[in-house]
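Residue strings, one per chain:
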Amino acid sequence: MFETLTERLTGSFGFFKGKKELTETNIEEGLKAVRQALLEADVHFKLAKEFAERVKDRALGEKRLQGVDASDQFVHAVHAELVELMGPEDATLEMAKVGPTIILMAGLQGAGKTTTCAKLAKHLRERHGKRPMLVAADVKRPAAVEQLRVLGKAIGIPVFHEEGVTPPVVCERGVAAAKAQGCDVVILDTAGRLHIDDALMDEVAEIARVTSPHNQVLVVDAMTGQDAIESAKAFHARLTLTGVILTKMDGDARGGAAVSLKEITGAPILFLGAGEKVDDLDPFIADRMAGRILG
Ligand code: GDP
């Protein structure tokens, strides 16, 4: 994972080998390599430039620790700025004080949304003692409703669906059914489509309007690089995103999405999808991710 980003970033540390102190001059080579590493991992050039500036300010501004050479000082600054960019606080889902917690899940088709709905339901039950209900409102992809039913059955979580009504109505009725059945979390699996289109955006915005979810979570495929970033921008324009789940982190993602998503959406990454199985969901910890990126 992140081979290119990791390799290039760690490559940038080599410029300081044998140097005792970081200076305005010798830091430039390292910063150039950091910018290049981010660009190659699909990070927008403006963000890459700003990031390098912040690394510079931090690295030159920090008090030099005893026994720490220029290279360590630089690595430390890159790590700290990565944490700042992706965190700095590790976020969690917001839980409703009264009534069921509603979680709207959005994303492009194939991002892993339906699978992630099931993963999240299982996680909330097992780690937080919740009683979730899944709502199948992805009626555009005929197999999606069946897929959610199969997943729900496998993990013992109820799945609500109703034929012949629009997705916003399915979601409203799903929330009502959850209340009636004593479920305290409702996860809405909304429609995904292959490309961003206005009808999709109108529909998901309407679902948000009628259900007032406590969490509006975007599911993004980490493997899709620049497309992931474009889709995040489009959803961010229409929803009040409160969190992101980055899937397929077990593949050879270039890392740019993980680094850029919070900056683009204003919403923190909550979880990482790390495989096709229902247990392959890890809470996102910025410090750990920075460590993974830096290898
Ligand atoms: P949706 O169209 O967004 O609902 O996507 P699906 O949930 O149907 O997932 C699309 C494909 O991605 C399926 O084959 C999933 O098994 C797979 N998938 C989902 N999440 C992950 C993940 O974290 N890692 C891997 N390797 N595959 C995933």
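Residues numbered from 1 in each chain as written. Predicted model: local features only at pLDDT ≥ 70, side-chain atom pairs only at ≥ 80, totals over all residues. Heavy atoms only, no water.

Further remarks concern the packing of aromatic side chains. As enumerated under the stated definition, the model contains two aromatic pairs in all. With centroids separated by 6.0 Å and ring planes inclined at 70°, the aromatic side chains of Phe13 and Phe74 adopt a geometry described as edge-to-face. Taken together, the residues span a long stretch of sequence, with Phe13 in helix α1 (residues 3-13) and Phe74 in helix α4 (residues 70-86) at a distance of 61 residues. Relative accessible area serves as the criterion here: at 9%, Phe13 is assigned to the buried category. The exposure class of Phe74 is buried, given its relative accessible area of 0%. (Phe/Tyr/Trp six-rings, centres within 6.5 Å; stacked < 30°, edge-to-face > 60°. Helix = DSSP H or I, 4+ residues; strand = E, 2+ residues; numbered from the N terminus. Buried < 20%, exposed > 50% of the residue type's maximum accessible area, 1.4 Å probe, protein only.)

What follows deals with the environment of Val244. Tracing the backbone shows Val244 in strand β6 (residues 243-247). Of the residues examined, Val244 reaches a relative accessible area of 0% and is grouped as buried. With 21 residues separating them along the chain, Val244 and Thr265 place their C-alpha atoms 8.6 Å apart. In contact with Val244, other than residues within four places in its own chain, are Val217, Leu218, Val220, Leu261, Thr265, Ala267, Pro268, Ile269, Leu270 and Phe271. (Contact = heavy atoms within 4.5 Å.)

In the region of the ligand, 18 residues are neighbours, and Gly110, Lys113, Thr115, Asp250 and Glu276 sit closest. Within the backbone of Gly110, a nitrogen or oxygen atom sits 2.7 Å from an oxygen atom of the ligand. Note that an oxygen atom of the ligand is positioned 2.9 Å from one of the backbone N or O atoms of Gly112. When the ligand is considered free in solution it has 580 Å² of accessible area, and contact with the protein chains removes 81% of it. With four residues, the top contributor of residues to the shell around the ligand is helix α5 (residues 113-128). Broken down by class, the residue content of the shell around the ligand amounts to three nonpolar, nine polar and six charged. (Near = heavy atom within 4 Å. Polar contact = N/O pair within 3.5 Å; in protein donor to acceptor, adjacent residues only side chain to side chain. Areas by Shrake-Rupley, 256 points an atom, 1.4 Å probe, with all protein chains shown as cover. Nonpolar A, V, L, I, M, F, W, Y, C, P; charged D, E, K, R; others polar.)

Bringing the nonpolar core into the picture now. Counting residues in each nonpolar core, the largest one holds 76 residues, and the members touching the most others are Phe74 and Leu246. It is α4 that contributes the most residues to this core, eight residues altogether. Residues contacting Leu246, with those up to four places away along its chain left out, are Val220, Ala222, Ala257, Ala258, Leu261, Ile269, Phe271, Leu272 and Gly273. Ile103, Ala121, Ile245 and Leu281 belong to the second-largest nonpolar core, a separate cluster that totals 24 residues. (Core = buried A, V, L, I, M, F, W, Y, C linked by side-chain atoms within 4.5 Å.)

What follows deals with the pattern of salt bridges. The final tally for this structure, using the stated rule, is 17 salt bridges. Ionic pairing is found between Arg149 and Glu146, a salt bridge with its closest N-O pair at 3.7 Å. With Arg149 and Glu146 both in helix α6 (residues 142-155) and three residues apart, this pair spans about one turn of that helix. With a relative accessible area of 44%, Glu146 lands in the partly exposed category. In this structure, Asp202 and Arg238 form a salt bridge, with 3.0 Å as the shortest nitrogen-oxygen distance. Taken together, the positions of Asp202 in helix α8 (residues 198-211) and Arg238 in helix α9 (residues 226-238) put the pair 36 residues apart, joining distant regions of the chain. You can call Asp202 partly exposed: its relative accessible area is 43%. Salt bridges here are not isolated pairs; linked through shared partners, they connect Lys122, Arg125, Glu126 and Asp279. (Salt bridge = Lys/Arg side-chain N within 4 Å of Asp/Glu carboxyl O.)

This part is about unusual backbone geometry. For the bond from Gly87 to Pro88, the omega torsion is -5°, close enough to zero to count as cis. Mapped onto the elements, Pro88 comes out in the loop between α4 and β1 (101-106). A positive phi angle, close to 75°, is found at Asp42, a residue other than glycine. Mapping Asp42 onto the fold places it in the loop between α2 (27-40) and α3 (45-61). Since its relative accessible area comes to 16%, Asp42 is described here as buried. Positive phi is not limited to glycine here, since Lys248 has a value of about 60°. You can see Lys248 is positioned in the loop between β6 and α10 (256-265). A residue is classified by how much of its surface remains accessible, and Lys248, at 31% relative accessible area, is partly exposed.

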